[in-house]
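Residues per chain are reported as follows:
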Amino acid sequence: MVLRHQVRSPSKILIVDDILSNLRLLSMALSQAGYDVINVTSGTRAMMMMASERPDLILLDIQMPDLDGFSVCRQLHDNEATADIPIIFMSALAQVPDKLRAFSVGAADYITKPFQPAEVLVRIAHHLELGYLRRTLKTQNQKLRIILQQYELAEAQIHQTNQELEQRVLTRTNQLHKAMCILQQESHERQQAQAKLMHMAMYDSLTGLPNRTRLIELLEETVTQNPFPLNPQPLQSRWSALLMLDCDRFRTINDTLGHLQGDRLLMEIAARILVSVPTHGVAARLADDKFAILLPMGTTHTVITSLVQRLQQRIAAPIALGDHEITISAHVGVVLVDSSYCHAEHVLRDGSLALIQAKQKPEGWLVFQPEMHRRALHRLTLESQLRQALRQQQLQVFYQPIVTLTSPTTAAPIVGYEALVRWQPEGTSDFLSPADFIPLAEESDLISQLGNWVFRTVCEQLSQWHRAYPLQKIPFVSVNFSVRHLQGEQFVQQIDTVLKQTQVQPAWLKFEITENLLIGDTQAVFETLAQLRRWGIQISIDDFGTGYSSLSYLKQLPVDTLKIDRAFIKDMKSDRDNLKIVEAIVQLAQVLDLDVVAEGIETEWQAQQLINLGCSYGQGYLFSQPLDRIAAWNLLC
Ligand code: C2E
Ligand code: MG
Ligand code: MG
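Residues numbered from 1 in each chain as written. Chains lettered and ligands numbered in written order. Predicted model: local features only at pLDDT ≥ 70, side-chain atom pairs only at ≥ 80, totals over all residues. Heavy atoms only, no water.

Visitor: Sorry, what's going on with the overall build of the protein here?
Guide: For the protein, the count of helices and strands is 21 helices and 20 strands. Its C-alpha atoms give the protein a radius of gyration of 66 Å, more than 25% over the compact-globule value 26 Å for 637 residues. C-alpha extents for the protein along the principal axes are approximately 195 × 65 × 50 Å. Split into buried and exposed, the 637 residues of the protein put 43% on the buried side. Long-range contacts, defined as pairs at least 24 residues apart, comprise 67% of the intrachain contacts of the protein with a sequence gap of at least 6. (Helix = DSSP H or I, 4+ residues; strand = E, 2+ residues; numbered from the N terminus. Rg over C-alpha atoms; globule rule 2.2 N^0.38 Å. Buried < 20%, exposed > 50% of the residue type's maximum accessible area, 1.4 Å probe, protein only. Contact = heavy atoms within 4.5 Å.)

Visitor: So what exactly am I meant to see when it comes to helix 11 (residues 370–391) here?
Guide: Residues spaced three or four apart along an α-helix point in a common direction, a consequence of the helix completing one turn every 3.6 residues. Counted at 1.5 Å a residue, the expected span for helix 11 with its 22 residues is 32 Å, and the 32 Å between its end C-alpha atoms agrees. Along helix 11, the residues classified as buried are Met372, His373, Leu382, Leu386, Ala389 and Leu390. The inward-facing, buried residues of helix 11 contact helix 10 (344–358), strand 12 (365–367), strand 13 (395–404), strand 14 (414–423), helix 12 (434–442) and helix 13 (446–468). Where helix 11 ends, the next residue or the one after it, Gln393, has phi of about 55°, a positive value. (Expected span 1.5 Å × (residues − 1).)

Visitor: How should I be thinking about the coordination of the magnesium ion (ligand 3) in this particular structure?
Guide: In ideal tetrahedral geometry, four donors around a metal make angles of 109.5 degrees, whereas ideal octahedral geometry with six donors gives angles of 90 or 180 degrees. For the magnesium ion (ligand 3), the full set of protein donor atoms is Asp542 (OD), Asp543 (OD), Glu599 (OE) and Glu599 (OE), at a range of 2.1 to 2.5 Å. One chain supplies every donor to the magnesium ion (ligand 3), and in sequence these donors are spaced D-D-x55-E. Judged by its relative accessible area of 5%, Asp542 is buried. (Donors = N, O, S within 2.8 Å, 3.2 Å for Na, K, Ca; no water.)

Visitor: In this structure, what is going on with the domain arrangement of the protein? I would like to understand it.
Guide: Reports of interface size often rely on the accessible area that becomes lost once the parts have come together. Its domain assignment divides the protein into domain 1 (12–178), domain 2 (212–224 + 235–368) and domain 3 (379–636). Just the C-alpha atoms count here: the centres of domain 1 and domain 3 sit 149 Å apart. (Domains from an automatic or database assignment.)

Visitor: When you look at the pairing of strand 2 (residues 36–40) in this model, what are you seeing that I'm missing?
Guide: Sheet topology places strand 1 (residues 12–16) next to strand 2; five bridges connect them, and they run parallel. For Val16, the partnering residue across the bridge sits in strand 2 and is Val40. The parallel pair strand 1 and strand 2 is bridged by helix 1 (residues 20–32), and the resulting crossover is right-handed. (Pairing = 2+ DSSP bridges. Right-handed = clockwise from strand over helix to strand, strands pointing away.)

Visitor: I'm lost on the coordination of the magnesium ion (ligand 2) in this one. Help?
Guide: The magnesium ion (ligand 2) binds to the protein through Glu418 (OE), Asn480 (OD1), Glu512 (OE) and Asp542 (OD); the donor distances cover 2.0 to 2.2 Å. Mapping the donors of the magnesium ion (ligand 2) onto the primary sequence gives the spacing E-x61-N-x31-E-x29-D. The metal-metal distance between the magnesium ion (ligand 2) and the magnesium ion (ligand 3) comes to 4.0 Å, with Asp542 coordinating both. Here the residue Glu512 occupies a position in strand 16 (residues 509–514), and Asp542 occupies one in strand 17 (residues 538–544), the gap between them amounting to 30 residues.

Visitor: Quick question: what am I supposed to make of the pairing of strand 14 here?
Guide: A regular strand carries its side chains on alternate faces of the sheet. Summarising burial for strand 14: eight of the ten residues are buried, a large majority. Inspection of the sheet shows strand 13 paired to strand 14 by nine bridges, in the antiparallel sense. Bridge pairing links Leu395 to Trp423 in strand 14. Relative to strand 15 (residues 476–481), strand 14 runs parallel, the two being bridged by four bridges. Bridging across to strand 15, Gly416 finds its partner in Phe476.

Visitor: Would you explain the packing of helix 15 (residues 491–502) against helix 16 (residues 523–535) in this entry?
Guide: Each pair of packed helices can be summarised by the angle the axes make with each other and by the distance between the axes. Taken N-terminus to C-terminus, the directions of helix 15 and helix 16 make an angle of 20°; their axes are 10 Å apart at the nearest point. As far as their axial angle goes, helix 16 and helix 15 are roughly parallel. Both helix 15 and helix 16 take part in a crossing whose hand is right-handed. Along the contact surface, helix 15 presents Phe491, Val492, Ile495, Asp496 and Leu499, while helix 16 presents Thr528, Gln531, Leu532 and Trp535. When its residues are assigned to classes, the contact of helix 15 with helix 16 shows six nonpolar, two polar and one charged. (Axes fitted to C-alpha atoms, helices over the stretch in contact; angles between N-to-C directions. Parallel < 35°, antiparallel > 145°, perpendicular 65-115°, else oblique. Left-handed = near helix turned anticlockwise from the far one by under 90°. Nonpolar A, V, L, I, M, F, W, Y, C, P; charged D, E, K, R; others polar.)

Visitor: Explain the environment of Gln400 here, please?
Guide: Mapped onto the elements of the fold, Gln400 is located in strand 13. In this structure Gln400 comes out as buried when scored by relative accessible area, which is 7%. Residues Gln400 and Glu418 lie 18 residues apart in sequence; the distance between their C-alpha atoms is 5.1 Å. Setting aside its immediate chain neighbours within four residues, Gln400 contacts Gly416, Tyr417, Glu418, Leu420, Gln619, Gly620, Tyr621, Ser624, Gln625, Pro626 and Leu627. Polar contacts involving the side chain of Gln400 include one to the side chain of Gln619, which spans 2.8 Å. (Polar contact = N/O pair within 3.5 Å; in protein donor to acceptor, adjacent residues only side chain to side chain.)

Given below as structure tokens:
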């Protein structure tokens, strides 16, 4: 049998025996077997020795003089530090009760004397091995216990960590939940704010109607969905249509009664429009007193007509505003939205054009025709070209002689010229008739710029002629002025400045004002004319007979000359009535002590008739076409 303890470091064996021969024999046998042997001869010495040594096994005799083996064994067994040292009793006592006692006090084995050393060695080896195994087991147990403790600790820590984690997850979940709630609330509030903003951006705050932006959106939908082909037969077709509407006198009422009443008026108009709009139609407010109605796909021309009339009637009904009862009327421009439209803005543009034209119509409404847009575009182009022409001095003044009517007409002496503006737009070979661009200029500030330019050009020309021939009697020049220009605040001042700068005498000038334009609010114009006349400028009423001048009105006017309109002269021969009208005008002028100039004389017969009627002056192609400044001057020389 190979004993494991033999391969380890020599085990320490304590032999306790009071019989020296036993001691020697055992000690020798054990030493020979490779053990480290300690011998003591009494129980007391054995206990003392245990304080400094720790044997791996004790061979203990029982019967010893001071302290017997049982006592030693019990003490060692009761002491925790020595309890695991295997103790083998070696005794001559061979009775069973002795053996039982030995085991009861902690003996590991019991060998009766006389002993056989070989047996003792085997038992020692066996108990050492057992002791080794026990210690190993104990160590393993301790390690296992430590591992178990560590495991339990780790488990406890994991448990605690888990609990902490769960708590943190719970806390975090709560925080997240709260954050989610706040976010949801914020998002809800943001959505509400956005909806409010959208509403403000899309709806008119006063009337609550969709505004221009919203209408454009709806119109965009209409133009992109419109299934109708280009140019269908308008009257039988079914349309989507835009009605554009505005009210006259709104500005005046707003300015007179105040903006509060103005707002009430607008709300009342909006309400009247709303009740008139058919189902699926949309009413909108575009600006100030400008409203629009968008009619859905499938609205017939008949429906549009009756809707417009209903609208006009409702809006025309009296409206109570505070102590006032007012009536206003509405004009309506209609656009039939066919598939030729690609942009909402174009529909609105054409609606505005139709609305402008509707104001000229007695019925107060009309349907847009493409021709209107072409005309408007042409006028716009013309206007900007005219502006440019003025800037770049592309205009000219022509002079048409005004003569004393004498027979024969070829000898008729020139008493004056009428200044007539001429414009040859860039890239064209013909002059454009003033009748084509003067009315256009009259719609804007252009007429004042143009009038000022013509007047300055004429004055510079007169000044030049007078300087060239200071002794010669130079004819006067008649200059046409638009009433709009005359009404300008700066007008008198501008005339005065030019007169001073060019040193032209007021007496060399006549101002021509068209009779038609003198009707209306003329007090300011009268005063201006009176002022000019005080300076010495003569005043002519142009195109006389075509307007509505009453006699009393004529009497009040600060005027020197009547110019009989060409229309009467032209048909004098064929239309006897015209001859009579001309005769009446001549007589009227004589009564009022005014000069008379007949315009548009083209024939000898006309000239002779006018002479016969007592008309002193004439103008027309019979005497001369309008001439450029050099030709006009040559006539004088
Ligand atoms: P108006 O002041 O009555 O000028 C007379 C017009 O009759 C001129 O036309 C002249 O060329 C034309 N005329 C003269 N004799 C005859 C004739 O025998 N037969 C025919 N068929 N026509 C004759 P024009 O130059 O085309 O001017 C048209 C109108 O434009 C003028 O009528 C005047 O109202 C306006 N106008 C012309 N120049 C100016 C200007 O510088 N300022 C303003 N405000 N208006 C102007
Ligand atoms: Mg004239
Ligand atoms: Mg005229």
